[in-house]
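Fold and contact review
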Amino acid sequence: MTSSVWHPFTQHGLGEPVPLVERAGGALLHMADGQAVIDAISSWWVTTHGHCHPRIMAAIADQAQKLDQMIFAGWTHQPAEDVAAGLRAIMPESLTRVFFSDSGSTAVEVALKMALGYWHARGETRHRIVVMEHSYHGDTIGAMSVGARGVFNQPYEPLLFDVARIPFPAAGAEQDTLDALEAFCGAPGTAALIVEPLVLGAGGMLVYAPETLAAMHAICARHGVLFLADEVMTGWGRTGTLLACEQAGVTPDVLCLSKGLTGGAVPLAVTMASEPIFEAHWSTDRAKMFFHSSSYTANPIACAAANANLAIWREEPVRDRVAALAGKQAAWLEKLGQFCHFDNARTLGTIAALDLKTSGEGGYLDTLAPRLMAFFRERGVLLRPLGNTVYVMPPYCITDEQLGDVWNAIGEAVISF
Ligand SMILES: *Cc1c(COP(=O)(O)O)cnc(C)c1O
């Protein structure tokens with residue numbers, strides 16, 4: 001029987017197999033055919049504590065008996081109040097307001113609208129958004145507009161709005177990035193910078209220095225340009241700290257969180273904003289409210305999962321688990337480097353990446369990545385290389401044996417391809 005499902009980022013014309021997964025637990029996906037696969041990319045960067053985490057599943061089951069879904073415009077419920085209070089307690093103090101949505105892309109759309117609304121309310125004509133080359137912020141029109149342009153968004157290009165682009169701060173070339181940012185921030189009309197702090201995920205796990213992020217923040221602050229941090233991927237411990245911004249001593253004006261917000265169990269996102277941004281929309285005039293909502297804003301069941309995630313962060317040694325995993329990832333990468341050749345070995349917290357030497361062009365359409373993916377799948381490992389970049393971003397519960405299996409498969413791939 002053929003499936004009617006149209007899969008995301010999948011070319012159905014190639015007829016590649018679409019594996020059927022039945023259940024999951026910890027770092028494992030269990031297939032319908034009985035095979036277990038190690039989820040070495042946290043199911044596209046969402047799963048933090050492990051699949052079907054008992055505390056999160058229990059919170060979802062419990063909430064599902066009480067309140068499933070309700071309007072959030074002008075109404076509230078306890079799970080959402082608790083998420084907001086819980087976030088306030090562990091996120092930077094100056095981020096006083098919590099706006100809910102349901103995905104990383106919508107969290108970014110909300111951040112952009114907040115920034116533009118802020119300047120509009122203040123009566124200043126500032127519309128220019130500054131972005132970093134190779135960035136990814138989601139697949140909706142606004143999120144695509146502030147992301148890298150390429151084969152992914154070519155058909156929609158005429159609809160995407162113009163942004164100002166600064167170069168990626170590659171090691172040794174940081175000053176070019178800072179100079180470009182200074183020039184855009186100094187020019188009239190610049191509203192905000194939106195950036196993935198410390199590592200550009202979809203752009204190829206490109207890592208840059210905390211000092212550069214701090215310098216970028218200082219430039220924005222000096223010109224009153226809003227600093228929007230997209231921590232949708234980097235948040236919740238991935239880079240070794242709760243937020244990547246922490247490592248640069250930077251507090252953004254607006255913070256986007258999603259993926260790990262519920263431990264990766266169910267969809268939910270928040271955009272946290274500083275008080276001045278909230279105040280700019282505060283009025284007795286209804287025409288000046290923040291005009292944004294989606295049907296499932298702050299869904300109670302998703303909020304219950306987020307509260308369980310927050311409790312895990314408060315009560316369990318998550319930071320120690322992250323530090324331990326970071327150490328193991330660095331050790332495996334170094335060990336592999338002694339046996340075989342690859343380029344640009346890099347780690348940041350729990351993320352480790354390397355580039356295979358390849359004769360192809362290495363772009364997204366290069367056949368290397370899908371061939372690698374199939375190679376890993378045959379070895380019971382789920383990895384999804386970005387071009388010739390192979391990266392490992394596992395859930396924090398991955399066992400030493402599982403992590404060893406992942407890295408041994410990568411070692412084999414480095415030699416075979
Ligand atoms: C995944 C991602 C997004 C988009 O999140 P979705 O939930 O897939 O819409 C936005 N920004 C970054 C940095 C991401 O990694």
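Here's a quick rundown of the structure. (Residues numbered from 1 in each chain as written. Predicted model: local features only at pLDDT ≥ 70, side-chain atom pairs only at ≥ 80, totals over all residues. Heavy atoms only, no water.)

1. As for the site of the ligand
Near the ligand the following residues occur: Trp 45, Ser 103, Gly 104, Ser 105, Tyr 136, His 137, Gly 138, Glu 196, Asp 230, Val 232, Met 233 and Lys 259. In this structure, an oxygen atom belonging to the ligand sits 2.6 Å away from a side-chain N or O atom of Ser 105. Side-chain polar atom of Lys 259 to an oxygen atom of the ligand: 2.7 Å apart, as the coordinates give it. Coverage of the ligand by the protein amounts to 83% of the 380 Å² it exposes when considered alone. Broken down by class, the residue content of the shell around the ligand amounts to four nonpolar, five polar and three charged. (Near = heavy atom within 4 Å. Polar contact = N/O pair within 3.5 Å; in protein donor to acceptor, adjacent residues only side chain to side chain. Areas by Shrake-Rupley, 256 points an atom, 1.4 Å probe, with all protein chains shown as cover. Nonpolar A, V, L, I, M, F, W, Y, C, P; charged D, E, K, R; others polar.)

2. A few points about the packing of helix H11 (residues 368–378) against helix H12 (residues 400–416)
It is the contact of H11 with H12, at a shortest axis distance of 10 Å, that shows an interaxial angle of 135°. One element, H11, and the other, H12, form an angle in the oblique class. The way H11 lies across H12 gives a crossing that is right-handed. Judged by residue contacts, Leu 372, Phe 375 and Phe 376 of H11 engage Ala 409, Ile 410, Glu 412, Ala 413 and Ser 416 from H12. Its residues assigned to classes, the contact of H11 with H12 shows six nonpolar, one polar and one charged. (Axes fitted to C-alpha atoms, helices over the stretch in contact; angles between N-to-C directions. Helix = DSSP H or I, 4+ residues; strand = E, 2+ residues; numbered from the N terminus. Parallel < 35°, antiparallel > 145°, perpendicular 65-115°, else oblique. Left-handed = near helix turned anticlockwise from the far one by under 90°. Contact = heavy atoms within 4.5 Å.)

3. Concerning the sheet that holds strand S5 (residues 128–132)
Reading across from one edge, S4-S12-S11-S10-S7-S5-S6 is the order of the seven strands in this open sheet, with mixed pairing throughout. With one partner strand each, in any of the chains shown, strand S4 (97–101) and strand S6 (164–166) form the two edges of the open sheet. Averaged over all pairs of adjacent strands, the angle between strand axes in this sheet comes to 20°, irrespective of strand direction. Pairing geometry for S5 and S6, over three bridges, is parallel. Looking at the pairing, Val 131 lines up with Arg 165 of S6. Sheet strands touched by helix H6 (residues 174–186): S5, S6 and strand S7 (190–195). Its angle to S6, the strand with the most contacts, is close to 155°. (Pairing = 2+ DSSP bridges.)

4. Overview of the sheet that holds strand S13 (residues 343–348)
Consider a sheet: its strands pair through backbone hydrogen bonds, and that pairing is either parallel or antiparallel. Taken in spatial order, the three strands make up an open sheet running S13-S14-S16, and their pairing is antiparallel. Where the open sheet ends on each side, the last strands, each with one partner, are S13 and strand S16 (389–392). Neighbour-to-neighbour, the strand axes of this sheet turn through a mean angle of 10°, independent of strand direction. One ladder, built from four bridges, connects strand S14 (residues 351–355) with S16; its direction is antiparallel. Looking at S16, one finds that Asp 355 is bridged to Thr 389. Running at roughly 20° to S14, helix H10 (residues 318–339) makes contact with S13, S14 and S16 of the sheet. Sheet strands in contact with H12 are S14 and S16, and its direction is about 170° off that of S16.

5. A few points about a nonpolar patch on the surface
Side chains of Phe 9, Trp 44, Val 151 and Phe 152 sit close together on the surface and give an oily, nonpolar patch of about 360 Å² of accessible area. Summarising the element assignment, Phe 152 is placed in the loop between helix H5 (141–145) and S6. (Patch = residues over 30% accessible without salt bridge, like charges linked within 9 Å, V, L, I, M, F, W, Y side chains within 5 Å. Salt bridge = Lys/Arg side-chain N within 4 Å of Asp/Glu carboxyl O.)

6. Structural notes on the pairing of strand S3 (residues 36–39)
Across three bridges, strand S2 (residues 28–31) lies against S3 in antiparallel orientation. Its bridge partner being in S3, His 30 is matched across the sheet by Ala 36. As defined by bridge partners, S3 adjoins strand S15 (residues 381–382) across two bridges and the pair is classed as parallel. From the neighbouring strand, Ile 38 faces S15, where its bridge partner is Val 381.

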